[in-house]
Amino acid sequence: MGLDRLVLATASALLLSSAAVSAAEPAGDQPPPRQRVVTMTRFVKIFNDHEYDLIDAVRAGDKGNLDRLVAADFEQRNAASPAVPVPRDDWMAANELKAPGQALVTELAVHDRGELAIASFRLKLKDRDLFIVDVWRRKGADAFELLTRYASPIAGTGNPPPVAPTGKR
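**Quick look at helix α2 (residues 42-60)**
Part 1: With 19 residues, α2 should reach 27 Å at 1.5 Å per residue; the first-to-last C-alpha distance of 27 Å fits that figure.
Part 2: For α2, the set of buried residues is Phe 43, Val 44, Ile 46, Phe 47, Asn 48, His 50, Glu 51, Leu 54, Ile 55, Ala 57 and Val 58.
Part 3: A positive phi of about 65° marks Gly 61, the residue just after α2.

**A few points about the nonpolar core**
Part 1: Phe 47, Leu 54, Trp 91, Val 110, Leu 123 and Trp 136 are the most contacted members of the largest nonpolar core, which totals 30 residues.
Part 2: Mapped by element, the contributors of at least two residues to this core are α2, α3 (63-69), β1 (70-78), α4 (88-93), β3 (104-113), β4 (116-124), β5 (129-138) and β6 (144-153).
Part 3: With eight residues, α2 is the single largest residue contributor to this core.
Part 4: Among all residues touching Trp 136, those that are not within four sequence positions of it are Phe 47, His 50, Glu 51, Leu 69, Glu 115, Leu 116, Ala 117, Ala 119, Phe 144, Glu 145, Leu 146 and Leu 147.

**Topic: the pattern of salt bridges**
Part 1: Under the defined criterion, the tally for this structure stands at eleven salt bridges.
Part 2: As a salt-bridge pair, Glu 145 and Arg 137 come within 2.9 Å of each other at their nearest N and O atoms.
Part 3: Of the residues examined, Glu 145 reaches a relative accessible area of 14% and is grouped as buried.
Part 4: Connected through shared salt-bridge partners, Glu 51, Asp 134 and Arg 149 make up one network.

**Here we look at the pairing of β3**
Part 1: The pairing of β3 with β4 spans eight bridges and is classified as antiparallel. Each residue of the ladder has a partner; that of Thr 106, found in β4, is Arg 122.
Part 2: Between the antiparallel neighbours β3 and β4 lie two residues, among them Gly 114 with a positive phi of about 80°.

**A word on the packing of aromatic side chains**
How two aromatic rings sit relative to each other is given by the distance of their centres and the angle of their planes.
Part 1: Inspection of the entire model under this criterion finds five aromatic pairs.
Part 2: The interplanar angle of 15° and the centroid separation of 6.1 Å between the aromatic rings of Phe 43 and Phe 47 together place this pair among those described as stacked. Of this pair, Phe 43 and Phe 47 both sit in helix α2, four residues apart, which is roughly one turn of the helix. Comparing Phe 43 with Phe 47, the two get one shared label, buried.
Part 3: Taking 6.4 Å as the distance between ring centres and 70° as the angle between the ring planes, the aromatic pair formed by Phe 43 and Phe 144 counts as edge-to-face. On the criterion of sequence distance, the pair formed by Phe 43 in helix α2 and Phe 144 in strand β6 is long-range, its members being 101 residues apart.
Part 4: On the accessibility criterion, Phe 144 (2% relative accessible area) is buried.
Part 5: Aromatic ring contacts, followed pair by pair, group Phe 43, Phe 47, Trp 136 and Phe 144 into a single cluster.
Part 6: Above the plane of the ring of Phe 43 lies Arg 42, whose end atom (NZ or CZ) is 5.1 Å from the centre.

Cut-offs and rules
- Per-chain numbering applies: the sequence of each chain, read as written, is numbered from 1 onward.
- At least 70 in pLDDT is required for a residue's local features to be given in this predicted model, at least 80 for side-chain atom pairs to be given and counted, and no such filter applies to totals for whole chains, interfaces and linings, which use all residues.
- To get the side-chain values, take all heavy atoms of the structure and skip hydrogens and water.
- Starting at the N terminus, helices and strands are each numbered in turn, a helix being any DSSP run of H or I of at least four residues and a strand any DSSP run of E of at least two.
- Expected span of a helix, by definition, is 1.5 Å for each gap between consecutive residues, and there is one gap fewer than residues.
- Exposure is judged per residue with a 1.4 Å probe applied to protein chains only, and the accessible area is read against the type maximum: over 50% gives exposed, under 20% gives buried, and values in between give partly exposed.
- The set of buried Ala, Val, Leu, Ile, Met, Phe, Trp, Tyr and Cys residues whose side-chain atoms join them within 4.5 Å is what this entry labels a nonpolar core.
- In this description, contact between two residues means that some pair of their heavy atoms is separated by no more than 4.5 Å.
- Any carboxyl oxygen of Asp or Glu that lies within 4 Å of a side-chain nitrogen of Lys or Arg is treated as forming a salt bridge with it.
- What makes two strands pair is DSSP finding at least two bridges between them.
- Pairs were defined over the aromatic rings of Phe, Tyr and Trp, the Trp ring being its six-membered one, requiring ring centres within 6.5 Å. Orientation was assigned from the angle between planes: stacked under 30 degrees, edge-to-face over 60, tilted for the rest.
- Placement of a charge over a ring requires the Lys NZ or Arg CZ to be within 6 Å of the ring centre, with the centre-to-atom vector within 35 degrees of the ring normal.

By themselves, these observations are geometric and do not establish any function.
Here it is, written out as C-alpha cells:
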C-alpha cells in the first residue's frame, strides 16, 4: 500500500509540474517575447536634458536660457504648412510648450553629424501628441543651440488630420 501511494504521489507531482510548465510556455510554437533593455547613450542624455531645459525656459519666459538654447536664426516648420516657416520671435510668443500640464519627451533618438546633431522624439503635451525633429548646432563640447524644429501631429491621438490643398481631409 505504501508503494501505491508513492507511485500516486509521484504521478500527481509530475502531472502538476507538467501543467505548470505548459501554462508558463507561450501558446503555439512561438518563443516568448524578448524584453528590450534600453540604455541611454551619452547623446540621448545630453539632448534629453536640452529638450527639457528648452521646455522649462519657454514656460518660465527665461530669456537668458532661451538665448542660450535657441539660435537667433531659428525657425520651426510645421507639417500642416511646411512652406511657411515660423520665425524665432513668433515661435516664442505663441509656443505650444506654454500649455499647462506635463510635457513628456519619449522615444528620443540622436544622430551626431559633427557640427549638427539631429534629435527626433515624441512630445506628449496635455492636449497634443507631436513628432518632433530638432536640428541642433554645436557651440562647444556638449553645448548646442536649436537651429530648426520640424513638428507634426501624430495621427490617431486626437489631432485633426491636415487639410489637403483641395480642402479634403
